[in-house]
Amino acid sequence: MSLVTAVLASESVNARELPVEPFVYGLVAFVIFVALAIVTYSYRDVANRHRAKAAAYAARHSGDEHAGH
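Everything numeric here is computed off the predicted structure, so don't read it as measured data. (Residues numbered from 1 in each chain as written. Predicted model: local features only at pLDDT ≥ 70, side-chain atom pairs only at ≥ 80, totals over all residues. Heavy atoms only, no water.)

**Quick look at the overall build of the protein**
Point 1. Looking only at helices and strands, the protein has three helices and zero strands in total.
Point 2. Ordered by position in the sequence, the α and β elements of the protein form the string α-α-α.
Point 3. Sorting the 69 residues of the protein into buried and exposed places 0% on the buried side.
Point 4. Of the roughly 6800 Å² of accessible surface on the protein, 65% is carried by carbon and sulfur atoms. (Helix = DSSP H or I, 4+ residues; strand = E, 2+ residues; numbered from the N terminus. Buried < 20%, exposed > 50% of the residue type's maximum accessible area, 1.4 Å probe, protein only. Areas by Shrake-Rupley, 256 points an atom, 1.4 Å probe, with all protein chains shown as cover.)

Laid out in structure tokens, this is it:
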């Protein structure tokens, strides 16, 4: 038996089948990315939800007391 035949025979013995069809892995990845996109989208315009609080905070902290930082 030659080395090439031995290598080919050993590779066929170690072959394993996937537990599910290959497209399922892509589908799972797509669902995860969509879920992450929904979470990211839910944070849109968060800074503008409380304009009165933001304006009051800016008015209180508009001095130059922290100019060196």
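**Some remarks on a nonpolar patch on the surface**
Point 1. Taken together, L27, F30, V31, V34 and I38 make up a surface patch of nonpolar side chains, about 490 Å² in accessible area.
Point 2. Judged by relative accessible area, which is 48%, L27 ranks as partly exposed. (Patch = residues over 30% accessible without salt bridge, like charges linked within 9 Å, V, L, I, M, F, W, Y side chains within 5 Å. Salt bridge = Lys/Arg side-chain N within 4 Å of Asp/Glu carboxyl O.)

As far as function goes, none of this settles anything; it's purely spatial.
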